[in-house]
Amino acid sequence: DKREDGALTAVRQSLYLNLLICLIVTVVVMLLLHRIVRRFQFKIETQATLDSLTGLPNRRGFDTMAMRALKQAQRDDKPLTAVLLDLDHFKQLNDTHGHLAGDAVLTGFADDLKSCLRQSDIICRWGGEEFIILLKDSDREGARRVAESIRVLVEHHAYAFSGSTLNVTVSLGLAQLQADDSLQSLIARADSALYHAKQSGRNRVSDDI
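Residues numbered from 1 in each chain as written. Predicted model: local features only at pLDDT ≥ 70, side-chain atom pairs only at ≥ 80, totals over all residues. Heavy atoms only, no water.

Trainee: Describe the overall build of the protein, listing the residues and the values that go with them.
Mentor: When helices and strands are tallied, the protein shows six helices and seven strands. Reading the protein from its N end, one meets helices and strands in the order α-α-β-α-α-β-β-α-β-β-β-α-β. Computed over C-alpha atoms, the radius of gyration of the protein comes to 28 Å, more than 25% over the 17 Å expected from 2.2 N^0.38 for 209 residues, which places it beyond the range of a compact globule. Its C-alpha atoms put the protein at 105 × 50 × 20 Å along the principal axes. Relative to its 209 residues, the protein shows a buried fraction of 37%. Here the analysis covers contacts within the protein between residues at least 6 apart in sequence; of these, 67% occur between residues at least 24 apart. Only carbon and sulfur atoms are counted for the fraction: they give 56% of the accessible area of the protein, which is about 12800 Å². (Helix = DSSP H or I, 4+ residues; strand = E, 2+ residues; numbered from the N terminus. Rg over C-alpha atoms; globule rule 2.2 N^0.38 Å. Buried < 20%, exposed > 50% of the residue type's maximum accessible area, 1.4 Å probe, protein only. Contact = heavy atoms within 4.5 Å. Areas by Shrake-Rupley, 256 points an atom, 1.4 Å probe, with all protein chains shown as cover.)

Have a look at this one:
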């Protein structure tokens, strides 16, 4: 009986030890899986809000940041100005030099935009060759100065592609946030100003006045 009790005790101890090891391994595996899943989810969410070509926020990413900026400007009674930008004759550039050349220009143009802006400003690839900027704490006159600096920089920038250089110009429309504005109405007025810049000969800055 003593020998059997001793043998059973040893078996129980071995069983409990194995169960403890299994539990520890299971917990470690679950923690690792949780970290992997969270990292994967973060990567998917980031990719879903960024434009794959320029690395700028896309419309989905812009909406979240823009709504936050709009509410903050209205709450603190500070100016906010939207600038809508469109590269002139971009389809002609694509047709003449190919879509890879167009991609190179878009990437270089995005870099030019970032170099003209503050970290607090919001920039987005709106779609195709259109971009949008929200200038925080900037009234119409301040936004016009920024828009004009972008226009001049792009006009004099030669974008490199496959051993050659490409030149483009940009048209810009701006609108300052008004008390009764929604994000949609603000962008609509900037879009109307951009249309006026296009109709007036392109390569210029126009506002919604």
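Once you've had a look at it, read on.
Trainee: Can you explain the nonpolar core? Please cite residues and give values.
Mentor: Formed by 28 residues in total, the largest nonpolar core has its most connected members in L85, F109 and I133. Mapped onto this core, the elements with two or more residues apiece are strand 1 (80-87), helix 3 (90-97), helix 4 (99-116), strand 3 (130-136), helix 5 (140-155) and strand 6 (170-176). For this core, the element with the highest residue contribution is helix 4, accounting for six residues. Excluding residues within four positions of it along the chain, F109 makes contact with L85, L87, F131, V154, Y159 and V170. Core analysis: the second largest hydrophobic core is formed by 20 residues, A82, I122, C124 and A190 among them. (Core = buried A, V, L, I, M, F, W, Y, C linked by side-chain atoms within 4.5 Å.)

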